[in-house]
Amino acid sequence: MKITVVGTGYVGLVTGACLADVGNDVMCLDTDLRKLEMLGRGEIPIYEPGLQEIVQRNRLAGRMHFTADPEEATRFGTIQFIAVGTPPKEDGSADLQYVHAAAQNIGRYMSDYKIVVDKSTVPVGTADTVKSLIGSELAARQVDIPFAVVSNPEFLKEGAAIEDFMRPGRIVLGSDDEQATLNMRALYTPFQRHHDRTIVMSVRSAELTKYAANAMLATRISFMNEVANLAEQLGADIESVRKGIGSDPRIGYDFLYAGAGYGGSCFPKDVRALIHTASLTGHASMPVLEAVEATNQKQKHVLADKVKRRFGQDLNGRHFAIWGLAFKANTDDMREASSLTVIRDLIAAGATVTAYDPVATERAREAFSGVEGIQFSSGSYQALEGADALVIVTEWKEFRSPDFVHIKSRLKSPVIFDGRNLYEPAVVRALDLEYIAMGR
């Protein structure tokens, strides 16, 4: 099939690359010329394991093309994926200006039947707006060209997006058009040869499914963080509690890890957007999700609060090593990362920090541009030099089995603050290291 993907961000680039990798002819549209130049050289503007190899392979095979021309992109694909950003506004609502612009361009330039697919995470009712905008452009041109609008939300985990796309747990299609549904089923057939994982529903149901899924996962994280904080007060171990409740098949083990709060481009934005959507309907509130959001914001301060309880509220003259900057492992995404809050809290208390992350350092430099008191290291052990203690914020694999004797020798004080519960407390403490974790 010929496919156009509007947007070469995280969702768009993964979608385009994976569709090209099974034989489709894909054109990706973006207005960022710098990004297009990178892609034309076979480079990618984001870090996602395995993505660069797929982009390079399909670009060289002639199945993946890049353009900044919306007319060329619209005329290219029968299926038009809209995969642009929907950043949050100050009131928590999603900013749909890029979605609207993509829809208008499609209506402005289409000359034959199109299936327009909302891949971006968008509020319920967006497909109706997209349909209206395309219809208005066609009316302005005084042409009557058939098209369909489908909702096909993505469920990709950063750091595992290729695996998630190639072997999806489910494919949600919101469609009320039989022809569009058949085409979308055919498009996804190569990714579900073992058994059909497609769930077809109404467009609005599909739009809500995406928000509800992320809100549920965020709820589990905030719940476990609240229980972890209680466990500390009661002398319980949250890891034992996690195993105890996770063994119940009605609950399961996923997203039950206590930590320093969730971040990234999805959970914070989508929780707020769902709360905002509810407010627009006249539904007074969503108190569960409001509590999830409030708990998460509070949790991001817990790790720095532990440091201040141990070393004092005034951290002037203190220096700390930070391991992990990205909001999660296997990505360079710094959006709403817990490290932003932890580091700013430490610096505000008078401390300085040296931070290390395997891939997110450059994005972190941008995030902390103009902030005094932070420097970056090219290695995890180098970051320990002159530090009073080590603070772990992101659960990168290379942090899971470190040389504790070496860590102890480099720190002024043998103290580890573990915001991700990576280690067994008894093992660390047996090496005469003070170990302060979350809910343990």
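Before any of the text, the structure's been laid out above.
Presented here is an overview of the structure given in this document. (Residues numbered from 1 in each chain as written. Predicted model: local features only at pLDDT ≥ 70, side-chain atom pairs only at ≥ 80, totals over all residues. Heavy atoms only, no water.)

1. Regarding the overall build of the chain
Consideration 1: Across its full length, the chain carries 17 helices and 14 strands.
Consideration 2: Here the C-alpha atoms of the chain give a radius of gyration of 24 Å, agreeing with the 22 Å that 2.2 N^0.38 yields for 440 residues.
Consideration 3: The dimensions of the chain, computed from C-alpha atoms along their principal axes, are 75 × 50 × 45 Å.
Consideration 4: Residue burial in the chain is summarised as follows: out of 440 residues, 55% are buried.
Consideration 5: Residue pairs at least 24 apart in sequence account for 73% of intrachain contacts in the chain once pairs closer than 6 positions are excluded.
Consideration 6: Accessible surface computed for the chain: about 18,900 Å², of which carbon and sulfur atoms make up 51%.
Consideration 7: Averaging the positions of the 48 positive and the 56 negative side-chain charges in the chain gives two centres separated by 3 Å. (Helix = DSSP H or I, 4+ residues; strand = E, 2+ residues; numbered from the N terminus. Rg over C-alpha atoms; globule rule 2.2 N^0.38 Å. Buried < 20%, exposed > 50% of the residue type's maximum accessible area, 1.4 Å probe, protein only. Contact = heavy atoms within 4.5 Å. Areas by Shrake-Rupley, 256 points an atom, 1.4 Å probe, with all protein chains shown as cover. Lys, Arg positive; Asp, Glu negative; His and termini not counted. Charge placed at Lys NZ, Arg CZ, Asp CG, Glu CD.)

2. As for helix H1 (residues 10-21)
Consideration 1: With 12 residues, H1 should cover 16 Å at 1.5 Å per step; its first-to-last C-alpha distance of 17 Å lies within 8% of that length.
Consideration 2: The buried fraction of H1 amounts to 11 of the 12 residues, a majority that puts the element mostly inside the structure.
Consideration 3: Three or more residues of H1 are buried, namely Tyr-10, Val-11, Gly-12, Leu-13, Val-14, Thr-15, Gly-16, Ala-17, Cys-18, Leu-19 and Ala-20.
Consideration 4: Among the residues trailing H1, Gly-23 stands out with phi positive, at a value near 110°. (Expected span 1.5 Å × (residues − 1).)

3. Details of the environment of Thr-181
Consideration 1: With respect to the helices and strands, the residue Thr-181 is situated in helix H8 (residues 178-188).
Consideration 2: Residues Thr-181 and Asn-316, spaced 135 residues apart in sequence, show a C-alpha to C-alpha distance of 62 Å.
Consideration 3: Once you skip the residues sitting within four places of it in the chain, Thr-181 turns out to touch Ser-175 and Val-200.
Consideration 4: Among the polar contacts made by the side chain of Thr-181, one reaches the side chain of Ser-175 at a distance of 2.8 Å. (Polar contact = N/O pair within 3.5 Å; in protein donor to acceptor, adjacent residues only side chain to side chain.)

4. Things to note about the pattern of salt bridges
When charged atoms on two side chains of opposite charge get close, those side chains can pair.
Consideration 1: Summed over all chains, the structure comprises 28 salt bridges.
Consideration 2: One salt bridge connects Asp-270 with Lys-269, and the closest N-O pair in it is separated by 3.1 Å.
Consideration 3: On the accessibility criterion, Asp-270 (0% relative accessible area) is buried.
Consideration 4: The class for Lys-269 is buried, based on a relative accessible area of 12%. (Salt bridge = Lys/Arg side-chain N within 4 Å of Asp/Glu carboxyl O.)

Without other data, these values stay purely geometric and don't point to any function.
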